[in-house]
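Breakdown of the fold
Single-letter residue listing:
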Amino acid sequence: MTMPFHLAVWCDDRERPVWQAAVTLLHQCFEQAELVALTFVESLAELPRADATCFAISLLPFVLDMRDAWPDAREKLRAVCAAAHDRAGSDVFLTTVFRCLRPDIAAPEHLAALRMRLHRLNLLAVELSQTLDVSIFDLDRVLSDVGGERLAADARLDSPAAVAMSAETIAWTLLNCSMDGPAAGGAVAAESVAAARDRFATLRSAPLPFPTAASHLRVGRPRDRRPAQTAIATTELLDDRSFRELLIDVSRGRVRVAVAAPQLMGKVAARFRRITG
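Just so it is clear, the structure is predicted and the values come from calculations on it, not from any experiment.

Criteria and cut-off values
Residues numbered from 1 in each chain as written. Predicted model: local features only at pLDDT ≥ 70, side-chain atom pairs only at ≥ 80, totals over all residues. Heavy atoms only, no water. Helix = DSSP H or I, 4+ residues; strand = E, 2+ residues; numbered from the N terminus. Buried < 20%, exposed > 50% of the residue type's maximum accessible area, 1.4 Å probe, protein only. Contact = heavy atoms within 4.5 Å. Disulfide = S-S within 2.5 Å. pLDDT = per-residue confidence, 0-100. Salt bridge = Lys/Arg side-chain N within 4 Å of Asp/Glu carboxyl O. Pairing = 2+ DSSP bridges. Axes fitted to C-alpha atoms, helices over the stretch in contact; angles between N-to-C directions. Right-handed = clockwise from strand over helix to strand, strands pointing away.

1. Structural notes on unusual backbone geometry
For D133, which is not glycine, the phi dihedral falls at a positive 60°. Mapped onto the elements, D133 comes out in the loop between α4 (108–131) and β5 (135–137). Looking at D133, the relative accessible area reads 58%, which means it is exposed. A positive phi angle, close to 55°, is found at L157, a residue other than glycine. Here L157 shows up in the loop between α6 (148–151) and α7 (160–177).

Rendered as structure tokens:
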């Protein structure tokens, strides 16, 4: 049986429970047990040759295995993304790495190099999203808002809380960015995806740091209708809205510049502090 949506993933073996949980959550959202097929690709070079609707590349293996010098690792990742992107009708996603590293992940003298590699990879993901039009599962942003201590996990996502939150992030991103897009080829009806997004809110185990589909609808009401409620909803969501989504809302007139400016500047400053250490 051919699945309507085939997800091919290259990741570290320790990340596989995250992807399995994400697919399980999607099946629950759609109330259909065989909607998504998940394939783990053993070799990164094999990924572009997989018969898939969507390719996902985790950046964690590039952190855990540093045998390749940074320029070589960067070009290898860039080449694979380009090859996968050239596959007609397939979406390509990169998964950022949670910036928390416990001391037991490497010898003390190697920790600084691992942190630098991690920061470089997450920045490279942003660059490739702009130059090659790949998309991002931004696990780092989501998990960093909670913190490694509360999650009892580090970049290896080695706790039930980290697995659950990462799986929810992946599932929600696919629901909004891929499953009803051109790559799906109409195999998943737009109405089914919309219903799955609404069902997602009742299934997720913890609030995610971005609004649900219902929140988008609430904020998107015309200004001349219920302006007070719209303003209140907008203010409530500012702290949870991602930088990109907030910029979009400002450009479309959903959020006033004066209200959004402090949040935008705060996010820029926080990101700079995290990158520079």
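2. A look at the side chain of T95
Secondary-structure assignment places T95 in strand β4 (residues 91–95). On the basis of relative accessibility, which here comes to 1%, the residue T95 falls in the buried class. When residues no more than four places from it in sequence are discounted, the contact partners of T95 are W19, I57, S58, L59, F137 and L139.

3. Re the environment of W10
Looking at where W10 falls in the secondary structure, it is placed in strand β1 (residues 5–10). What makes W10 buried here is its relative accessible area of 12%. Sequence separation between W10 and L59 is 49 residues; the distance between their C-alpha atoms is 9.1 Å. For W10, the contacting residues outside a window of four places in its chain are V41, E42, S43, L44, L47, A56, I57, S58, P61 and F62.

4. Side note on the side chain of H27
Its location among the elements puts H27 in helix α1 (residues 16–30). Using a relative accessible area of 16% as the deciding quantity, one classes H27 as buried.

5. Concerning the state of the cysteines
Taken as a whole and assessed by the stated rule, the structure comprises zero disulfides. The thiol of C54 is unpaired, and the distance to the nearest cysteine sulfur, on C177, comes to 9.9 Å.

6. Focus: the confidence of the model for the protein chain
Per-residue pLDDT for the protein chain has a mean of 78; in total, 70% of the residues score no lower than 70. Throughout residues 208–241 the model reports pLDDT below 50, and contacts reaching past four residues in sequence, or to other chains, amount to 62 contacts.

7. Side note on the pattern of salt bridges
Throughout the structure, instances matching the rule amount to 15 salt bridges. A salt bridge links K76 to D68; the nearest nitrogen and oxygen atoms lie 2.6 Å apart. Among the salt bridges present, the one from R78 reaches E75, with a minimum N-O distance of 3.7 Å. One end of the pair is R78 and the other is E75, both in helix α3 (residues 70–85) and three residues apart, which spans about a single turn. Assessed through its relative accessible area of 40%, E75 is described here as partly exposed. One connected set of salt bridges, linked through shared partners, spans R102, D104, D154, R156 and D158.

8. Considerations on the sheet that holds β1
Reading across from one edge, β2-β1-β3-β4-β5 is the order of the five strands in this open sheet, with parallel pairing throughout. Unpaired on one side and paired on the other, β2 (36–40) and β5 mark the two borders of the sheet. For this sheet, the mean inter-axis angle between neighbouring strands, taken without regard to orientation, is 25°. Examined bridge by bridge, strand β3 (residues 54–58) and β4 share five bridges and lie parallel to one another. Looking across to β4, one finds that A56 is bridged to F93. Here α1 sits on the sheet and contacts β1, β2, β3, β4 and β5; the angle it forms with β2, its principal contact strand, is near 170°.

9. Looking at the pairing of β1
The buried fraction of β1 amounts to five of the six residues, a majority that puts the element mostly inside the structure. Sheet topology note: the β1/β2 ladder contains five bridges and is parallel. Bridging from a neighbouring strand, A8 pairs with T39 of β2. Handedness of the β-α-β unit built from β1, α1 and β2 comes out right-handed. One ladder, built from four bridges, connects β1 with β3; its direction is parallel. Along β3, the bridge assignment pairs V9 with A56.

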